[in-house]
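Report on the structure
Okay, here's what each chain looks like letter by letter:
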Amino acid sequence: MNWEQVRGNWNQMKGKAKQRWGDLTDDDLTRIEGNRDVLVGRLQERYGYAKERAEEEADAFTRDLN
């Protein structure tokens, strides 16, 4: 799955994102709206990830959806 598909189906993807990253709040998930860059930023904030790690996490999320 690519990010355009994730963005288009974000309401369905929120639950999967919440399972994967339990520290993301409902407000975080609403603000992300399937936007990869916003997700990367939130992962950096909530988990203290470096940008590269947060990007890897976001990419792994889309791979795991397939």
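In case you missed it, the structure is sitting above this.
Backbone phi values are negative for most residues with the exception of glycine, while trans is the configuration of most peptide bonds. A positive phi angle, close to 45°, is found at Glu-33, a residue other than glycine. Residue classification places Glu-33 among the exposed residues on the basis of a relative accessible area of 54%.

Right, let's get into the pattern of salt bridges. What the rule picks out here adds up to 8 salt bridges. The closest approach of N and O atoms between Arg-20 and Asp-64, which form a salt bridge, is 2.8 Å. Here Asp-64 lies in helix 5 (residues 51-64) and Arg-20 lies in helix 2 (residues 10-20), a separation of 44 residues in the sequence. Residue class for Asp-64 comes out exposed when judged on its relative accessible area of 51%. A salt bridge links Asp-28 to Arg-46, with the shortest nitrogen-to-oxygen separation between them at 2.7 Å. Of this pair, Asp-28 sits in helix 3 (residues 26-32) while Arg-46 sits in helix 4 (residues 36-47), and the two are 18 residues apart along the sequence. Within this structure, Asp-28, Arg-42, Glu-45 and Arg-46 form a network of salt bridges that share partners.

The rules behind each value
- Within each chain, residue numbers correspond to sequence positions counted from 1 in written order.
- Only residues with pLDDT of at least 70 are given local features in this predicted model, and only at 80 or more are side-chain atom pairs given and counted; all residues enter the totals for whole chains, interfaces and linings.
- Note: side-chain values were computed over all heavy atoms of the structure, leaving out hydrogens and water.
- Each residue's exposure class comes from its accessible area (1.4 Å probe, protein chains only) as a fraction of the maximum for that residue type: buried when under 20%, exposed when over 50%, partly exposed otherwise.
- The working definition used for a salt bridge is a side-chain nitrogen of Lys or Arg within 4 Å of a carboxyl oxygen of Asp or Glu.
- Runs of E in the DSSP output that reach at least two residues are strands. Runs of H or I that reach at least four are helices, and both are numbered from the N terminus.

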